[in-house]
Amino acid sequence: MTPPNRLPSYRRFSIVISCLIFTAPLLPRSADAQTQPAVEDVLSYADLLFSRDQFSLAAQQYQIFIQENPKSQNLQIAWFRLGECYLKVDQVEDATASFNFLIQQFKRGPFVGSAAYRLAVLRFNAKDYRNSLAYFKVAKDELTNEDAKLQARFYFARSLQLTQQPKEALAEFEGIIEAKPAAENPFYERGKLESARLAFELGETGKALEQFKELAKTATTKEFKEEAIVRGGLLAAEAGQTEESEALLNEALRFSDTSPWKNLAQVGAIFNAFTREDYDRVIGLYNTGAYSAPDESRAKMLLVVGHSFRLKGDLDSASRLYALVEGKYPEKTEGIEAGYRRLQILHQQSDPLLPEVATRFAETQRRVDPDSIYIDMAWLMKAEWHFIQAENSASGLGSDFAKKHFGDAADAYKKVRLDNVDEKYRETALYKLGWSEIESGNLQDGILSLSRFIQRHPKSTFASSALAKRAMAYQSQGDHQFALGDYQSIASRYPDAPELEFALQQIALIFAHQRKTTEMIDAYGALLKAFPETDGAGEAYYWIGVGHFDLEQHQQAIPNLEKGRELDSNLEDQATLRLVICHYQLENIEKLAVESKRYLAGEPESANDDAPQKRAQIPPPVLEYLGKKLASEKDYEGADYFLTSISTPDAPANTAASTWKLIAECRQHLKKHLEAIAAFDHFLLQTERPSERANAYLARGVSQFCLRDFEKARDSAQESLRSQKEGRTNAEARLLLGDIGAANGNLEEAAREYLVVSQIFTDPEVTPKALAKAINAYQSLGNRDKAQELQNELSNQFPTYSIPSSFDQDC
């Protein structure tokens, strides 16, 4: 119960103050006053008239006293009595002026406090709480009578409360409560009640609860006690003190039916808790069994409790209550809603019976009320059920199972009258209709539905997703230009959309499909700028590199191809192969060798020899070019590696003779004589030119000599002689025959071959070498004269020639 704002009239309060005045002795008369007893007697006479209720005459005498005794110590009394007289005869303005003069003139003292109190009462009763606040403050500070002081303090607190100063008011009320024990404090219970109200208002529910609980136990005023019990019970429930709450509210239910608090305890406890979404509280109150309500509100109450059970997840209890309401109040709105809520529970539980029940409910309601929103909501729930079944399909979205449910969902969504359902469902329903139509294979209808959605809801959170889905449908139909437009719309209109990354990627892919290379490069660049950490970064860099490659911008292609390969190992082969070509075009031999070797080393091993894995090959001219370049730089190992990779030893004719020759020469430099011989053999099978054959036979003979296969070496040297009858190759073949003879211990044969070369062939390299070898042979044979003769010839013809320390072949 809220206390009255109006104080009792000033006459009621004047009792306490008047007693204070008449029982207080007059202040001692001054020396001047004692010499003028007749003048001071005017005050006594005025008091006598006041005591006999002759207020007008008393006022005249007080005025005379005030005028004639401006320095009297009893002047405060006179001014206060004058104001009192004016109040008695309803001259409120004169009274106000007198009291205000007293307050302003004297500032302090009990009569200042009494005057302030009179003015405070007048202002409070006039609902001028801001001014009453100021006067009550003076009164409580200046009054000396404890009871009067406490009363002034109470209404000072009320004035604070009524001027919207709850914190200050609460502090004052708490001070009033502590001022005196409850038995001696007439304002104790009221102060306690106001403290509890203010604490609740300030959000200090714990403090409020304690105050209400104490009042519920100790209050003697019925109105105060009932309010404390009910509000304490409600606060206890909020604080989780269920038992105490139930006890207090049960006590409230025993109030007289005339109590204004009983109705709140019965009805408000449940409905207020539901409004606060405090579903536990609703259920707790319902389960106390203490609720009683008229039949007209019982249906609503049971429905609310059912809602609470449903929202708390206790679907079985909710279903039982909905059945109770539907069965007992079938014609009421509550009964119809209860039936619909049961359908909602089936939806929450993903019950397989939902489609059948929803169809039956919708058809029944259509006969009862064809405009009912529940019809549309039933179709919507059926559609959602099928949609969820399709999305959760274990066999995947493209399976027959998923397609069937998407089709059923689309059929149900079409029956929903969007204008008839809450706006919050419209976007989703239209969006899912289009999605379901597309997923069920009805691309054209799906595109139209999503187009309506995009037109109606351009700012929807699903707008970007709808554009992406429509674009994918366009792509499925081969309408790449329309798809491109949708993806570009996502990029320009929805820069924060979760589909942006996918859209940017698809834009690039469509440009690639359309062979718009420059646009593709820019699109992938935009993707990397917006999503530098995208999972498709490797693919983006790769395709940027491919674009530059196709534009023959090989230098720009290289870093992008390298980055793409680094980020996506699946692009290793494609990127590396293009890097090989880039370096080939740029004639960057070192990088070409590195990338070519990387590609060749990455050749996958076939698990089935009958079905080898197909893999693009580095063009043979590239590797042949690389091998020749490396060989010219005397990197024979690298040259052999790359040239061997393009050779076909199982079908030698498939490899160019020039390649076999270069392979053989590299292997010979590497002292890989057996492999060199095989390569020379393949070369000899393909060449008919005598000079080339002579050189090949000679080189093969050297390798055979190094392998100490002297017979075959001799045969090779002789074949060289037959192929080339004269010239340097012929001379070197004869030197080889000499080396073979020397190695076999036939020094005479060796000396003869060396001597023939020195005499019939003149060459600055070969001739002195032949003379030196002949000299060495004749010395070994002990023919010093011949050796000296040849030495003289060597010195005369080749004076700068230095005889080597060893005449052995460099094997």
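Residues numbered from 1 in each chain as written. Predicted model: local features only at pLDDT ≥ 70, side-chain atom pairs only at ≥ 80, totals over all residues. Heavy atoms only, no water.

> Looking at this structure, I do not really get the overall build of the chain. What am I missing?
Across its full length, the chain carries 42 helices and zero strands. Expected size for 811 residues packed as a compact globule is a radius of gyration near 28 Å; at 58 Å, the chain overshoots this value by more than 25%. Burial analysis of the chain (811 residues in total) assigns 49% to the buried set. Pairs at least 24 residues apart make up 51% of the contacts formed inside the chain by residues separated by at least 6 positions. When the accessible surface of the chain is summed, it comes to about 40800 Å², and 48% of that surface belongs to carbon and sulfur atoms. One way to put it: in the chain the 94 positive side-chain charges average out to a point 5 Å from where the 116 negative ones average out. (Helix = DSSP H or I, 4+ residues; strand = E, 2+ residues; numbered from the N terminus. Rg over C-alpha atoms; globule rule 2.2 N^0.38 Å. Buried < 20%, exposed > 50% of the residue type's maximum accessible area, 1.4 Å probe, protein only. Contact = heavy atoms within 4.5 Å. Areas by Shrake-Rupley, 256 points an atom, 1.4 Å probe, with all protein chains shown as cover. Lys, Arg positive; Asp, Glu negative; His and termini not counted. Charge placed at Lys NZ, Arg CZ, Asp CG, Glu CD.)

> Sorry if this is basic, but what is going on with the packing of aromatic side chains here?
In this description, an aromatic ring pair is defined by two values, namely the gap between the centres and the angle between the planes. Going through the model one piece at a time under the given rule, you end up with 25 aromatic pairs. Relative to F187, the ring of F154 lies with its centre 4.7 Å away and its plane at 20 degrees, an arrangement referred to as stacked. Residue F154 is found in helix α9 (residues 146-162), and its partner F187 is found in the loop between α10 (166-179) and α11 (188-201); the two are separated by 33 residues along the sequence. Accessibility assignment for this pair places F154 and F187 in one class, buried. Members of the aromatic cluster, connected to one another through ring pairs, are Y117, F124, Y129, F136, F154, Y155, F173 and F187. (Phe/Tyr/Trp six-rings, centres within 6.5 Å; stacked < 30°, edge-to-face > 60°.)

> Looking at this structure, how should I read the confidence of the model for the chain?
Do not read the fine detail of predicted coordinates wherever pLDDT is low. Of all residues in the chain, 91% have pLDDT values of 70 or greater, and the mean over the chain is 87. Every residue in residues 290-294 is under pLDDT 50, and counting partners more than four places away or in other chains gives 10 contacts. Residue range residues 606-612 is modelled with pLDDT below 50. Its contacts to residues more than four positions away, or to other chains, number three contacts. (pLDDT = per-residue confidence, 0-100.)

> Explain helix α40 (residues 747-760) here, please?
Residues that lie three or four places apart on an α-helix share one face, since the helix turns once every 3.6 residues. With 14 residues, α40 ought to run about 20 Å at 1.5 Å a step, and its terminal C-alpha atoms sit 20 Å apart, in line with that. Buried within α40 are the following residues: E749, A750, A751, E753, Y754, L755, V757 and S758. (Expected span 1.5 Å × (residues − 1).)

> Even after reading the chapter, I still don't get the nonpolar core, so can you show me in this structure?
Among soluble globular proteins, nonpolar side chains are generally buried collectively. Counting residues in each nonpolar core, the largest one holds 66 residues, and the members touching the most others are L343, Y413, Y487, I507 and Y524. It is helix α21 (residues 373-391) that contributes the most residues to this core, 11 residues altogether. Once you skip the residues sitting within four places of it in the chain, I507 turns out to touch L484, Y487, Q488, A491 and A523. Counting 53 residues, the second-largest nonpolar core is a separate cluster that includes L87, L133, L150 and A169. (Core = buried A, V, L, I, M, F, W, Y, C linked by side-chain atoms within 4.5 Å.)

> What is the right way to read the pattern of salt bridges from this model?
Two side chains that carry opposite charge are able to pair once their charged atoms sit near each other. Scanning the entire structure with this criterion turns up 42 salt bridges. When the shortest N-O distance is used, the salt bridge between R123 and D128 registers 3.2 Å. Among the residues examined, R123 registers a relative accessible area of 30% and is labelled partly exposed. Between K786 and E789 there is a salt bridge; the shortest N-O distance is 3.8 Å. Pair noted here: K786 and E789 are both in helix α42 (residues 784-797), with a separation of three residues, about one helical turn. Overlapping salt bridges, with partners in common, bring together R190, E194, R197, E227 and R231 in one network. (Salt bridge = Lys/Arg side-chain N within 4 Å of Asp/Glu carboxyl O.)

> Help me understand helix α33 (residues 620-632) in this model?
In this model α33 runs 18 Å from its N-terminal to its C-terminal C-alpha over 13 residues, within 8% of the 18 Å that 1.5 Å per residue would give. Along α33, the residues that are buried comprise V622, L623, E624, L626, G627, L630 and A631. Structurally, α33 contributes buried residues whose contacts are with α31 (572-585), α32 (589-601), α34 (636-645) and α35 (657-669). In the segment just after α33, K634 is the residue with positive phi, at about 65 degrees.

> Would you mind showing me how to read the environment of E184 here?
Mapped onto the fold, E184 is located in the loop between α10 and α11. Sequence spacing of E184 and M381 is 197 residues, and the spatial spacing of their C-alpha atoms is 68 Å.

> How should the packing of helix α23 (residues 423-439) against helix α24 (residues 443-456) be read in this particular structure?
Describing two packed helices takes the angle between their axes plus the distance from one axis to the other. Interhelical geometry of α23 versus α24 gives an angle of 155 degrees and a closest axis separation of 7 Å. Looking at the two axes, α23 sits roughly antiparallel to α24. In the packing of α23 onto α24, the handedness of the crossing is left-handed. Along its contact with α23, which presents E427, L430, Y431, L433, G434, W435, E437 and I438, the element α24 presents L443, D445, G446, I447, S449, L450, R452, F453 and R456. Of the residues belonging to the contact of α23 with α24, the class tally is nine nonpolar, three polar and five charged. (Axes fitted to C-alpha atoms, helices over the stretch in contact; angles between N-to-C directions. Parallel < 35°, antiparallel > 145°, perpendicular 65-115°, else oblique. Left-handed = near helix turned anticlockwise from the far one by under 90°. Nonpolar A, V, L, I, M, F, W, Y, C, P; charged D, E, K, R; others polar.)

> Before we go on, may I ask you to explain the side chain of S393 in this structure?
Tracing the backbone shows S393 in the loop between α21 and α22 (400-415). According to the relative accessible area criterion, S393 is buried, its value standing at 10%.

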